[in-house]
Amino acid sequence: MEKKDFMQRAIDLSINSVKNGGGPFGAVIVKDGEIIAEASNSVTIDNDPTAHAEVNAIRKATKKLGSFDLAGCDIYTSCEPCPMCLGAIYWAHLDKIYYANDRKDAAKIGFDDDFIYQEIALKPVDRHKPMEIFMRAEAIKAFEAWMQKTDKTEY
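Remember, predicted model here, so these are calculated numbers, not experimental data.

Participant: Whenever I open this one, the environment of glutamine 8 confuses me. Can you help?
Facilitator: Within the secondary structure layout, glutamine 8 lies in helix H1 (residues 3–19). Taking the C-alpha atoms as reference, glutamine 8 lies 41 Å from methionine 131; in sequence the two are 123 residues apart.

Printed below as a string of structure tokens:
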């Protein structure tokens, strides 16, 4: 299969998702020229705001490979990843992101991912969602324990 075929599969998943009651997004994860996971958006189907196509595909791929590290894999997604999905892609160590629609296309149909991108750039005090640092002295103990742990699995 070629890049075009992988993207077409992501697009087909996005179209089928709309027909099945999900959001208009699809994603496939490819390793060594083979699709190892694919998913569509199921936010409204699963009542899960994190059930974006990319996150769903990452969950399937990590389960299939038995690893949280997807280095050596690429993701093809029908739309530019939202900030949550982009973060998940980085945490999963996917090598490359291919996308079809962009965030401006998504905004035209009511998915304003760009708003969240703009919020991330702001200082916490300037964001629309109030944020307050609270009980740091108690919470830092977990970080100290992590730093001292010699048999941890880094990720």
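Following the structure, the description resumes.
Participant: What is the right way to read the nonpolar core from this model?
Facilitator: Within soluble globular proteins, side chains that are nonpolar generally end up buried alongside one another. Residues Ile29, Ile58, Ala61, Leu70, Cys73, Ile75 and Leu94 are the most contacted members of the largest nonpolar core, which totals 18 residues. Contributions of two or more residues to this core are made by strand E1 (26–31), strand E2 (34–40), helix H3 (53–65), strand E3 (73–79) and helix H4 (83–92). Considering each element in turn, this core owes the most residues, 4 residues, to H3. If near-sequence neighbours (up to four positions away) are discounted, isoleucine 58 is found in contact with Ile29, Leu70, Ala88, Ile89, Ala92 and Leu94. Within the second largest apolar cluster, 8 residues are counted, among which are Phe6, Met7, Leu13 and Val28.

Participant: I would appreciate a short explanation of the pairing of E1 in the present structure.
Facilitator: On a regular strand, one side chain projects to one face of the sheet and the next to the other, so that they alternate. Of all 6 residues in E1, 5 are buried, a share of seventy percent or more. The pairing of E1 with E2 spans 6 bridges and is classified as antiparallel. Looking at the pairing, alanine 27 lines up with alanine 39 of E2. Where E1 folds back on E2, the antiparallel hairpin that results is connected by 2 residues, among which aspartate 32 adopts a positive phi of roughly 50 degrees. Sheet analysis places E1 next to E3, joined by 5 bridges and oriented antiparallel. Bridge pairing in E3 places isoleucine 29 opposite isoleucine 75.

Calculation rules
Residues numbered from 1 in each chain as written. Predicted model: local features only at pLDDT ≥ 70, side-chain atom pairs only at ≥ 80, totals over all residues. Heavy atoms only, no water. Helix = DSSP H or I, 4+ residues; strand = E, 2+ residues; numbered from the N terminus. Core = buried A, V, L, I, M, F, W, Y, C linked by side-chain atoms within 4.5 Å. Buried < 20%, exposed > 50% of the residue type's maximum accessible area, 1.4 Å probe, protein only. Contact = heavy atoms within 4.5 Å. Pairing = 2+ DSSP bridges.

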